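Chain residues, written in single-letter form:
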Amino acid sequence: MSMRAGIIGCGGIAVVHARSIAGTEGGSISAVADCVAQRAGELAAQYGARAYTDWEEMLEREKPDIVHICTPHYLHTPMIVQCIARGIHVFAEKPPVISREQLTELQELSALPAAGGMRPRMGVCFQNRWNPEVQSAKALLESGELGGIIGARGFVTWRRDSAYYRDDWHGKMALEGGGALINQGIHTLDLMQYLIGKKADAVNAMQANFHLQGEIEVEDTLCAHILYPGARAVLYVTTGYAKDAPPLVEIACERGSIRMEDSCLDIRREGQPPEIRTFTQAEGYGKAYWGAGHQTAVSHFYGSVEENVPDLLDFANVEDTLDLMLKIYEKAREKEEK
């Protein structure tokens with residue numbers, strides 16, 4: 001496998017992507033682009049790549065096989081569209097969309113017929129699906145041992161203070177698309193959606209700004225109640241806690257439950273003592289509480305592109321998460337307007 005990669009956006013998350021590309025067999029970084037020349041130059045120098053301040057020029061000159069999009073949220077969809085139009089595969093940071101209109105645009109793009117037998121691929125970096133405890137939980141749920149899923153809950157309690165929002169886009173609704181959910185809680189929402197494996201029937205939600213009132217336009221706290229066929233779920237996300245605690249996800253079943261927290265899987269079966277499975281995370285170069293599956297996610301996606309087979313993080317496989325995220329926001333904002 002040989003894959004020439006380009007990176008658009010050279011901030012902190014781009015460093016994680018760059019290391020993951022370099023650690024993937026056959027992956028190489030040919031070019032990077034950032035509107036700040038110094039950032040682009042520094043990242044390019046580390047990998048022997050060429051630096052650009054114009055990302056479209058990079059696409060035209062370099063013609064990479066795949067592009068990693070690591071820019072502010074509002075730029076993701078336009079950049080994905082431009083890459084796909086040029087026949088370039090995309091691996092985008094979350095969230096790939098910040099509005100219903102952008103989701104519709106990507107849905108329509110994904111439905112277009114493939115040219116020449118292969119459609120450029122759209123992957124989304126929900127790397128936590130590849131965490132070993134998540135894969136173990138998914139296999140257990142699919143085995144039917146615990147019976148059908150009847151409920152789920154997710155908790156994300158992190159800390160983001162004023163300094164986090166001092167750049168030119170965090171905390172601004174038009175550029176970030178939201179706050180605690182779209183930026184911090186989206187991975188936990190995705191894990192709940194992935195493990196339940198059904199499309200939600202109905203959503204109710206509320207959002208608030210408790211600890212940064214008057215400083216940011218987006219929510220720092222959100223809670224949601226989600227109804228699935230035969231199951232109900234609750235989600236709580238805040239950036240107003242004292243530290244970045246590991247997220248918690250619990251799935252309740254007819255004959256037991258599973259709970260994931262900090263690389264541990266706590267399995268409860270009716271009438272039996274608890275089983276605790278502890279996992280070692282693969283090196284993912286990001287912060288541990290983010291989830292460390294970036295390297296695994298990139299390697300799998302590149303392999304699926306090479307072999308032209310579906311991948312766990314293809315747009316089609318994460319579309320329900322994006323739809324659910326937008327429905328939660330739509331309901332929460334509807335309440336604010338009343």
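So, a few notes on the structure that sits alongside this text.

Cut-offs and rules
- Residues numbered from 1 in each chain as written.
- Predicted model: local features only at pLDDT ≥ 70, side-chain atom pairs only at ≥ 80, totals over all residues.
- Heavy atoms only, no water.
- Phe/Tyr/Trp six-rings, centres within 6.5 Å; stacked < 30°, edge-to-face > 60°.
- Helix = DSSP H or I, 4+ residues; strand = E, 2+ residues; numbered from the N terminus.
- Buried < 20%, exposed > 50% of the residue type's maximum accessible area, 1.4 Å probe, protein only.
- Lys NZ or Arg CZ within 6 Å of the ring centre and 35° of its normal.
- Core = buried A, V, L, I, M, F, W, Y, C linked by side-chain atoms within 4.5 Å.
- Contact = heavy atoms within 4.5 Å.
- Expected span 1.5 Å × (residues − 1).
- Salt bridge = Lys/Arg side-chain N within 4 Å of Asp/Glu carboxyl O.
- Disulfide = S-S within 2.5 Å.

This model, assessed by the stated rule, comprises three aromatic pairs. Relative to Tyr-236, the ring of Phe-155 lies with its centre 6.4 Å away and its plane at 45°, an arrangement referred to as tilted. You can see Phe-155 sitting in strand 7 (residues 149-157) and its partner Tyr-236 sitting in strand 10 (residues 231-238), a full 81 residues away along the chain. The exposure class of Tyr-236 is partly exposed, given its relative accessible area of 32%. Above the plane of the ring of Tyr-164 lies Arg-160, whose end atom (NZ or CZ) is 5.1 Å from the centre. A cation over a ring is seen here: Arg-333 above Tyr-329, with NZ or CZ 4.1 Å from the ring centre.

Counting residues in hydrophobic clusters, the biggest one holds 94 residues, and the most contacted among them are Ile-7, Leu-195, Ile-226, Ile-251, Ile-258 and Ile-328. The element contributing the most residues to this core is helix 8 (residues 180-196), with 10 residues. Apart from residues no more than four positions distant in its own chain, Ile-7 is found in contact with Ala-14, Ala-18, Ile-21, Ile-29, Ala-31, Val-32, Ala-33, Leu-43, Met-58, His-68 and Cys-70.

This next bit is on helix 6 (residues 132-143). Relative to the 16 Å expected for 12 residues at 1.5 Å per residue, helix 6 spans 17 Å between its end C-alpha atoms, a close match to the ideal helical length. In the segment just after helix 6, Gly-144 is the residue with positive phi, at about 85°.

Right, let's talk about the pattern of salt bridges for a bit. By the definition in use, this model includes 22 salt bridges. In this structure, Asp-34 and Arg-39 form a salt bridge, with 2.9 Å as the shortest nitrogen-oxygen distance. Taking relative accessible area as the criterion, Arg-39 reaches 36% and is therefore assigned partly exposed. Taking the shortest distance from any N to any O, the salt bridge between Lys-199 and Asp-323 comes out at 3.3 Å. Taken as a pair, Lys-199 in the loop between helix 8 and strand 8 (202-208) and Asp-323 in helix 10 (residues 315-337) lie far apart in primary sequence, 124 residues in all. In this structure Lys-199 comes out as partly exposed when scored by relative accessible area, which is 42%. Classification of Asp-323 as buried rests on a relative accessible area of 9%. The network of salt bridges with shared partners includes Arg-100, Lys-199, Asp-320, Asp-323, Lys-327 and Glu-330.

The next point concerns the state of the cysteines. Per the stated rule, a full pass over the model turns up zero disulfides. In this structure Cys-10 is a free cysteine whose sulfur lies 8.2 Å from that of Cys-70, the closest cysteine sulfur available. Given a relative accessible area of 7%, Cys-10 falls into the buried group. In this model Cys-125 remains outside any disulfide bridge; the closest cysteine sulfur is found in Cys-70, 8.0 Å from its own. Overall, the relative accessible area of 1% leaves Cys-125 in the buried class.

Function cannot be read off these values alone, since they describe shape.
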